[in-house]
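Tertiary structure, described
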Amino acid sequence: MFKKKLIAGLLGTAMVASMLTGCGGTSDTGSNDTAADTEATTAAATEAADDTADDAADDTADDAADDTADAGGKKVGIAMPTKSLERWNRDGSYLEEQFSSKGYEVSLTYSDNKIDQQVKDIESLIADDVDLLVIAAIDGESLTQVLADAKEEGIPVISYDRLIMNTDAVSYYVSFDNYTVGKLQGEFVRDQLDLDNADGPFNIEFTAGDPADNNAGFFFNGAYDALKSYIDEGKLVVPSGQTEFDQVATKSWDTATAMTRFQNILGSNYSDGTQLDVALCSNDSTALGVTQAIESDYAGSNSVIITGQDGDEANLANIVDGKQTMTVYKAVANEAVATLDLGIALLKGETPDASLIDNSGWSFDCTYDTSSYDNGTGIIPSYLLVPTVVTKDNIQSELVDTGYYTMDDDGYPHPTN
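Residues numbered from 1 in each chain as written. Predicted model: local features only at pLDDT ≥ 70, side-chain atom pairs only at ≥ 80, totals over all residues. Heavy atoms only, no water.

1. Things to note about the overall build of the protein
On a plain count of helices and strands, the protein comes out with 14 helices and 15 strands. Among the 417 residues that make up the protein, the fraction classed as buried is 47%. Across the protein, contacts joining residues at least 24 apart in sequence account for 71% of those joining residues at least 6 apart. Element-wise, carbon and sulfur atoms account for 47% of the exposed surface of the protein, whose accessible area totals about 18500 Å². (Helix = DSSP H or I, 4+ residues; strand = E, 2+ residues; numbered from the N terminus. Buried < 20%, exposed > 50% of the residue type's maximum accessible area, 1.4 Å probe, protein only. Contact = heavy atoms within 4.5 Å. Areas by Shrake-Rupley, 256 points an atom, 1.4 Å probe, with all protein chains shown as cover.)

Right, dumping it as C-alpha cells:
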C-alpha cells in the first residue's frame, strides 16, 4: 500500500511540475518570472511529496492496524501431539506464525505423544482463558471430558488434521482429504505396475498408521480400495495375508515398530527369494522403518516401490537416492492459513460455511464438506485441502519452486520452516 501510493503521488507531482515548467517555457515574461515560477513549482512539488509521504505513512499504520485490530487481545491455544514427528513441528510453527502475525496471543504445546499430557495441556490452556482451541489429537477418543469443559466455557474448538471423536464440543474440522491421500498412493502403485494391462502377479505388503488416529483408517481404506479389484483378480498378491487395518496398523506411527514388523514379514514370506514388488506405507515415518527393514533383511535384488506421506526430510533424501518411490505431500502451511481464517471467523462470532473459501481468496484448492466426517455425535463441517504426489521427478517443481523447501548443493531438499 505504502509503495503504491508513494509512486502514484510522486508521478502526480512530476506531472504537475512538468506542466508548470512547460507553461513557463512558452511565456514571453522575463527570466525573473521564470525563476519565480520554477521556485514556486519546486515548492509545490516538495509540499506534494511531503503530503504523499504523510499519506503513505498513515496508510502503512492503517494496514498494520488492520492486521491486528480483530485480535483484540484474544488468546489462541494450540495443542500438537509431539515433536518426535517432523511434520508436527512444521504444523505447530506455521500455526503459531499465522495467528501471531494477526496480533493474537498464542500458546503452543506439544504433548510428547502422551495422552494424559495432552489432556493436562488443554486443561491449562482452558484455565489460561484462551478464546479458541486448535487441537491435533494424539488419541481421537480421549478428549471428551476436557473438551466438555471447553464447551462449558464457550471456547470454540477446531479439530486440526485429525478428527476428534465422541464430543459435541468440536466446531469444525480442518484437514486434507484423507481418503484421497490413500487413494493417491494406491493409484500410484496401479500406474507404476501398469495393472490395467500387466498380467502379474505382483507381491504387495501394507503398513498402516496408528489405530488411535482417526485419519489412519481413511488413509488405509483409500489405498486398499484403489487396489482391491486387482487383489481380487489375483494381479496383486499379499503373501503375508495381512490385509485388515488392525493387522497392518503401527502404534504411534513409530518407525522402529514399523521396521520390526516388516522384518518379521520379510523373514516369514520372502527369505526364499520371493520378490516383493510394493511396500505400501501410509506415511513417511512408517516408510522409513520399512525401508530400513528392506535394506537389511530383504533377500531379493529388485527395486521395491515404497510409498509414504508428509514429505519428511529423511524420506525426501531417500526419494532422491531411489530408496523410496513417492510421498503424498500435504502443504501444512496452507492448512495453517485455512485454520487462521476459520479461527478469525469463529472469534468474531460468525458461523463459517462454504463462502469462507471464496471470501478468503485462498490460492490453494479446498472443499467444504458436510457429509463425510461423523465424530460419533454428528457430522463435523470440514474444510479439506487437496494433497499432492511427490516423486524424484517433481520435487523441484512441487516443493522447492513453491518455497516449502530449499535444495542444498548436493541436491537434497530441506524444509524452509
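2. Quick word on empty space enclosed by the protein
Applying the stated criterion to the full structure yields 1 cavity of 30 Å³ or more. In this model, the largest cavity occupies a volume close to 100 Å³. Along its surface, the largest cavity is lined by 13 residues, and R87, R162, D213, W253 and D310 are the ones closest to its centre. Listed by contribution, the elements that provide at least two residues to the lining of the largest cavity are α3 (86–101) and α7 (214–233). Within the lining of the largest cavity, the residues separate by chemical class into 4 nonpolar, 3 polar and 6 charged. (1 Å grid on protein atoms, 1.4 Å probe; cavity = no way out; pocket = protein on both sides within 12 Å on 5 of 7 lines; lining within 4 Å. Points joined across faces, edges and corners; volume = space filled by probe spheres on them. Nonpolar A, V, L, I, M, F, W, Y, C, P; charged D, E, K, R; others polar.)

3. Comments concerning the side chain of Q98
Examined against the element boundaries, Q98 turns out to sit in helix α3. When its relative accessible area of 19% is taken as the criterion, Q98 is described as buried.

4. Quick word on the nonpolar core
Ranked by internal contacts, the top residues of the largest apolar core, which has 76 residues, are F99, V134, F206, L227 and L236. Ignoring anything within four residues of it in the chain, the contact list for L227 reads G186, V189, R190, L195, I204, F206, L236 and L280. Grouped together as the second largest cluster of nonpolar side chains are 24 residues, A79, L143, V146 and L384 included. (Core = buried A, V, L, I, M, F, W, Y, C linked by side-chain atoms within 4.5 Å.)

5. Considering helix α5 (residues 144–152)
Here α5 has its buried residues at V146, L147 and A150. Take α5 and look down its axis: the buried residues cluster within an arc of 95 degrees, on one side only. Across α5 from its buried face, at more than 90 degrees, point the exposed residues Q145 and E152. In this fold, the buried residues of α5 make contact with α4 (115–127), β3 (132–135) and β4 (157–160). With its phi angle positive at about 75 degrees, G154 sits one or two positions after the end of α5. (Arc of directions from axis to C-beta.)

6. Digging into the packing of helix α10 (residues 284–297) against helix α11 (residues 313–320)
Their axes nearest at 9 Å, the elements α10 and α11 cross at an angle of 50 degrees. By the angle class used here, α10 and α11 are oblique. Read as a crossing pair, α10 and α11 show a hand that is left-handed. Here α10 contributes D284, A287, L288 and T291 to the contact with α11, which in turn contributes A314, N315 and N318. The class makeup of the residues in the contact of α10 with α11 is 3 nonpolar, 3 polar and 1 charged. (Axes fitted to C-alpha atoms, helices over the stretch in contact; angles between N-to-C directions. Parallel < 35°, antiparallel > 145°, perpendicular 65-115°, else oblique. Left-handed = near helix turned anticlockwise from the far one by under 90°.)

7. Here's the deal with the sheet that holds strand β6 (residues 202–207)
Judged by pairing direction, the sheet is parallel, and its 4 strands sit side by side in the order β7-β6-β8-β9 without closing on themselves. Of all strands in the sheet, those with a lone pairing partner are β7 (236–237) and β9 (305–306), marking the two edges. Bridge count for β6 against β7 is 2 bridges, and the pairing is parallel. Note on β7: the bridge partner recorded for F202 is L236. Where α7 meets the sheet, it contacts β6, β7 and β8 (278–281), and its direction lies at approximately 160 degrees from that of β6. Helix α9 (residues 255–269) contacts β6 and β8 of the sheet and is inclined by roughly 150 degrees relative to β6. (Pairing = 2+ DSSP bridges.)

8. A word on helix α12 (residues 332–347)
Compared with the 22 Å implied by 1.5 Å per residue over 16 residues, the 22 Å span of α12 between its first and last C-alpha is a close match. Counted residue by residue, α12 has 14 buried out of 16 residues, so it is predominantly covered. A positive backbone phi angle near 85 degrees is found at G349, which sits one or two residues after α12. (Expected span 1.5 Å × (residues − 1).)

9. As for a negative patch on the surface
Taken together, the side chains of D129, D131, E152 and E153 define an acidic patch exposed on the protein surface. Note that E153 resides in the loop between α5 and β4. (Patch = residues over 30% accessible without salt bridge, like charges linked within 9 Å, V, L, I, M, F, W, Y side chains within 5 Å. Salt bridge = Lys/Arg side-chain N within 4 Å of Asp/Glu carboxyl O. Lys, Arg positive; Asp, Glu negative; His and termini not counted. Charge placed at Lys NZ, Arg CZ, Asp CG, Glu CD.)

10. Some thoughts on unusual backbone geometry
Working note: non-glycine residues mostly have negative phi, and peptide bonds are mostly trans. Across the junction of G200 and P201, the peptide omega takes the value -5 degrees, indicating a cis bond. With respect to the helices and strands, P201 occurs in the loop between α6 (178–193) and β6. Backbone geometry places N113, a non-glycine residue, at a positive phi of 55 degrees. Take N113: it is sitting in the loop between β2 (105–110) and α4. Relative accessible area serves as the criterion here: at 27%, N113 is assigned to the partly exposed category.

11. Thoughts on the packing of α3 against α12
The packing of two helices is summarised by the inter-axis angle and the distance between the axes. The contact between α3 and α12 brings their axes to 9 Å, and the two run at 40 degrees. Considering the angle they form, α3 stands oblique to α12. When the axes of α3 and α12 are compared, the crossing they make is right-handed. Seen from α3, the contacting residues are R87, R90, D91, Y94, L95, Q98 and F99; seen from α12, they are V332, A333, E335, A336, V337, T339, L340 and G343. In terms of residue class, the contact of α3 with α12 is made up of 8 nonpolar, 3 polar and 4 charged.

12. Considerations on the pairing of strand β12 (residues 382–385)
Here β12 shows no split at all, with S382 and L384 on one side and Y383 and L385 on the other all buried. Alignment of strand β5 (residues 170–176) against β12, held across 4 bridges, turns out to be parallel. Looking across to β12, one finds that V174 is bridged to Y383. Bridging between strand β11 (residues 366–369) and β12 involves 4 bridges; their strand directions are antiparallel. Bridging across to β12, Y368 finds its partner in Y383.

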